[in-house]
Amino acid sequence: PTASAFYRVFFGGIILLSAALLRREMVWHGGRQLMLSLICGLLFAVDLVFYHYSVLYVGPGLGTILPNFQVFILATTGIFFFGEKIRLLFLISIPLAFIGLFLIVGIDWGQLDQLNKMGIYFGLAAAVCYAAFLLSLRKLQSYQDGLSFFYVLMVISLSASVFLALEIYRNGDTFNIPDFQSFFALMALGLFSQTIGWLLISHALPAVFASLAGFILLLQPSLAFVWDVLLFQRPTSLMNWVGVSIVLFAIYLGSVKPSQS
């Protein structure tokens, strides 16, 4: 998991570095901006480790749904630290999300094996780290207007790859890529998830309503669960599908904010 996370941000960072050089956006923005970028890179590296371990232990479906619980953490942070008003929809969404989660993993927690439990813990830990990363990224973007998005993502990606490389070295893991199939899979992860996906989201979000954006972004965990069932034969009952629907609906409720005039 840590090696796959490393190659995701390393390959993605190389692609973003090439784009920043071609666009002549490699401009020094000061030590404070660099420090914030390194903090973002560290948080993103830890997030990816938790996320990849969660995918390993509970599959890409549930492993992708759990980190999206970050919407509740961000909303709670906004309420307690930024003076945002508590919304009724948000209060409804929290218990709904956990009811749906219990329907997915099963009501009897004691019947789950240790790896499944660890996968759920790692997925929720990824949500915490991802929320912290998004808050740090927001601070970075507000610190200096006109900051190149290619440059920011490049610094974050490459710094995250350094932190992940250090973790691989510390654990005595290997950087070895076993075959060409794995190499192309890792390249695709870096190109599509780390580069194209982020760029599409960053350009699309300002152009659509927040409620529509939140609904569209839910396609990621939704389709991840579908692919888990279709491609990896995840055993899924009707109750599990109901749980997935409830969780996604709760995440949507938690992410929707009232429009501002």
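Rules and cut-offs
- Numbering of residues begins from 1 in every chain and follows the order in which that chain's sequence is written.
- The predicted nature of this model means local features are confined to residues of pLDDT at least 70 and side-chain atom pairs, given and counted, to a pLDDT of 80 or more, with totals for whole chains, interfaces and linings taken over all residues.
- Side-chain figures throughout are based on the complete set of non-hydrogen atoms in the structure, without hydrogens or water.
- The helix and strand labels rest on DSSP assignments: H or I over at least four residues marks a helix, E over at least two residues marks a strand, and numbering proceeds from the N terminus.
- Expected span of a helix, by definition, is 1.5 Å for each gap between consecutive residues, and there is one gap fewer than residues.
- Using a 1.4 Å probe on the protein chains alone, a residue whose accessible area is under 20% of its type maximum counts as buried, one over 50% counts as exposed, and one in between counts as partly exposed.
- The contact criterion used throughout is that any non-hydrogen atoms of two residues lie within 4.5 Å.
- Here the axes come from fitting lines to C-alpha atoms, over the contacting stretch only for helices, and the angles between their N-to-C directions go from 0 to 180 degrees.
- Our angle categories are set so that under 35 degrees counts as roughly parallel, over 145 as roughly antiparallel, 65 to 115 as roughly perpendicular, and the remainder as oblique.
- Note on convention: the crossing is left-handed when the near helix lies turned anticlockwise from the far helix by less than a right angle, right-handed when the turn is clockwise.
- Lys, Arg, Asp and Glu make up the charged group, whereas Ala, Val, Leu, Ile, Met, Phe, Trp, Tyr, Cys and Pro make up the nonpolar group; the residues left over, Gly among them, are polar.
- Exposure above 30% relative accessible area and the lack of any salt bridge qualify a residue for a patch; like charges then connect within 9 Å, and the nonpolar side chains Val, Leu, Ile, Met, Phe, Trp and Tyr within 5 Å.
- Per-residue accessibility takes into account occlusion by the displayed protein chains alone, with areas from the Shrake-Rupley method and a 1.4 Å probe.
- The term salt bridge refers to a pairing of a side-chain nitrogen on Lys or Arg with a carboxyl oxygen on Asp or Glu at a separation within 4 Å.

## Focus on helix H10 (residues 238–255)
The end-to-end C-alpha distance of H10 is 26 Å, a good match for the 26 Å that 18 residues give at a rise of 1.5 Å each. Of all the residues in H10, the buried ones are Asn240, Gly243, Val244, Val247, Leu248, Ala250, Ile251, Leu253 and Gly254. In this structure, the buried side of H10 is in contact with helix H2 (31–65), helix H3 (70–81), helix H4 (88–105) and helix H9 (219–232).

## Here we look at the environment of proline 1
Structurally, proline 1 can be placed in the segment before helix H1 (2–22). Sequence separation between proline 1 and serine 54 is 53 residues, and the spatial gap between their C-alpha atoms is 9.0 Å. In this structure, proline 1 is in contact with His52, Tyr53 and Leu56, ignoring residues within four places of it in sequence.

## Here's the deal with the packing of H1 against helix H7 (residues 180–204)
Put simply, H1 and H7 touch, their axes get as near as 8 Å, and they point 60° apart. Relative to H7, the element H1 lies oblique. Crossing hand, H1 versus H7: right-handed. In this structure, H1 uses Ser4, Tyr7, Arg8, Val9, Phe11, Gly12, Ile15 and Leu16 to contact H7, whose residues at the interface are Phe183, Leu186, Met187, Leu189, Gly190, Leu191, Ser193, Gln194 and Thr195. Among the residues making up the contact of H1 with H7, the classes are represented as 10 nonpolar, 6 polar and 1 charged.

## Overview of a nonpolar patch on the surface
Together, Phe215, Ile216, Leu219, Leu223, Trp227, Leu230, Leu231 and Phe232 make up an exposed nonpolar region whose accessible area comes to about 850 Å². For the nonpolar patch, the element with the highest residue contribution is H9, accounting for 6 residues. Mapped onto the fold, isoleucine 216 is located in helix H8 (residues 210–217).

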